[in-house]
Amino acid sequence: MKKRITIVGNGFASLFFIQYLLHLPVWPYPLGLVRRIWSKYDITLIGNGEFVYFPAIPEFIVGKKNRAGVCVDIRPFLRRRNIRFVDDFVTDIQDGGRRVVTRDGSYENDALFLGIGPDFLKDDIPGTREYTHSPCYGPDDMEVFVSKVNAMEGGTVYLGFKINRADGFVAGRAGQMYECACLLDYALRQRGVRDKFEIHFFSPNIEPGETGAITDRLSERDIILDYGYEPREFVEGGMRDADGSFRKADLVLYSPGITGSELVKNSCLPVTKGGQIATDRYGQVTGLDRVFTAGDCAAHEEPPPWVPHQAHMAQLRSEAAAKNMRAVLAGKPPSATYRYELSCIMNMENDAMWMHMSSDNKPPFWNLFPRRSKKLITLKNSFENLYLFYLRYL
Ligand SMILES: Cc1cc2nc3c(=O)[nH]c(=O)nc-3n(C[C@H](O)[C@H](O)[C@H](O)COP(=O)(O)OP(=O)(O)OC[C@H]3O[C@@H](n4cnc5c(N)ncnc54)[C@H](O)[C@@H]3O)c2cc1C
């Protein structure tokens, strides 16, 4: 009997998980048929069918990327691999993970993988939902922000982030917001209206007076640093401070801290202090048998404090989870663990920096590339084009 594997979500974590579970990275249609006959696994993926390449969303600001370019219909990718797709939304997980309940049905499995992504602490600062936009909410919200900026001839724009550190690592989006600030500066200069705008950058998680390469890039662009600042609430036309005073802001682009979704909180999944899925070093959900997870929904066991949620980390974690699920389904104990690595290219259009840290001090790509060069933008675009080509056609 084939083992039934259910995968929830069709973001980075789930798609990397499939890549490593199936061994072969590329699946022309005839091979999918072979998989149906020979594979030990009967795989079902439950999701909305649309993959979003989030790392390209900041570039909406300079008009180089848009919704159509960053979204992929993932159903042909799944068909090529003979994976059954269920267009639905999971509302509950029962029986220690063996049963997944959706809006329209219920699915039994022998092993479960959860790649359900993050939720955001939108109630942390009142008014976040009503008065702020965020690249983290996806392409539609970012397009609204960009159209509002493009309609302005001048004004004040605040960009910022907050991190949820309750689980001992960086559950939030810092680098992406720095990137958005630098790209906004570039776009306004291109339009010849930069001198009519004030750009502020705020975060309660950065100490006032903090120095470093990113701060230098912001300062070079005359971005006003409000490090240490947290509004008490976002209101119409600006922000209200703790002392009741009002700060004018025509637009706010803000990334709240990351937490787990409603599904994490309202099912049999174990929840950490930070609201995420409690997960061990093998990618196993703590206390549940044959349930694995990776990506932005999953906490770590003893993480280094600097590690963020990233697509790159999702890849490293999904690889370990896939190996361990195969082992467990074959009656062996899990043994694959993962490295911790922060790796991302910050695109500023007229400059770029490779931000990097790793638990084993290995440099990115054997140090083949410079850490600061405009040419890194071409490299970043190549990674994106290759991955999207892989999802669309291979
Ligand atoms: C603006 C921005 C820029 C970024 N830049 C970079 C970068 O340069 N480099 C990098 O490595 N990372 C970057 N990231 C981070 C990266 O995008 C995330 O870490 C990554 O998307 C996490 O993958 P995931 O699969 O865990 O979550 P997601 O990609 O969010 O996917 C989650 C999936 O689960 C589905 N889902 C959720 N709940 C349910 C449910 N109940 N039932 C069914 N399906 C469900 C969703 O529809 C989605 O398909 C960036 C993020 C943003 C927002």
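Thresholds applied
- Residues numbered from 1 in each chain as written.
- Predicted model: local features only at pLDDT ≥ 70, side-chain atom pairs only at ≥ 80, totals over all residues.
- Domains from an automatic or database assignment.
- Contact = placed C-beta atoms within 7 Å.
- Nonpolar A, V, L, I, M, F, W, Y, C, P; charged D, E, K, R; others polar.
- Pairing = 2+ DSSP bridges.
- Helix = DSSP H or I, 4+ residues; strand = E, 2+ residues; numbered from the N terminus.
- Axes fitted to C-alpha atoms, helices over the stretch in contact; angles between N-to-C directions.
- Near = placed C-beta within 6 Å.

Below, the discussion takes up the domain arrangement of the protein. By the assigned domains, the protein splits into domain 1 (3-118 + 260-338 + 385-393) and domain 2 (121-258). Every contact between the two is made by 24 residues of domain 1 and, on the other side, 22 residues of domain 2. A class-by-class count of the residues in the side of domain 1 that touches domain 2 yields 15 nonpolar, 5 polar and 4 charged.

The next thing to look at is the sheet that holds strand β5 (residues 84-87). Ordered by their spatial adjacency, 5 strands build an open sheet running β5-β2-β1-β9-β19, and the pairing between neighbours is parallel. Only two strands of the sheet have a single neighbouring strand rather than two, namely β5 and β19 (291-293). Averaged over all pairs of adjacent strands, the angle between their axes in this sheet comes to 20 degrees, without regard to strand direction. Sheet analysis places strand β1 (residues 3-8) next to strand β9 (residues 111-114), joined by 4 bridges and oriented parallel. By the bridge assignment, I5 is partnered in β9 with A111. Lying on the sheet, helix α1 (residues 12-21) is in contact with β1, β2 (41-47) and β9; it crosses β1 at an angle near 150 degrees. Together, β1, β9 and β19 form the strand contacts of helix α10 (residues 311-329), whose direction differs from that of β9 by roughly 170 degrees.

On to the site of the ligand, then. Taken together, 34 residues lie near the ligand, and G9, G11, F54, G117 and G295 sit nearest. Of all elements in the fold, only α1, β2 and α10 reach the threshold of two or more residues within the shell around the ligand. Considered class by class, the residues forming the shell around the ligand number 18 nonpolar, 14 polar and 2 charged. Of the residues that make up the shell around the ligand, three or more belong to each of domain 1 (3-118 + 260-338 + 385-393) and domain 2 (121-258).

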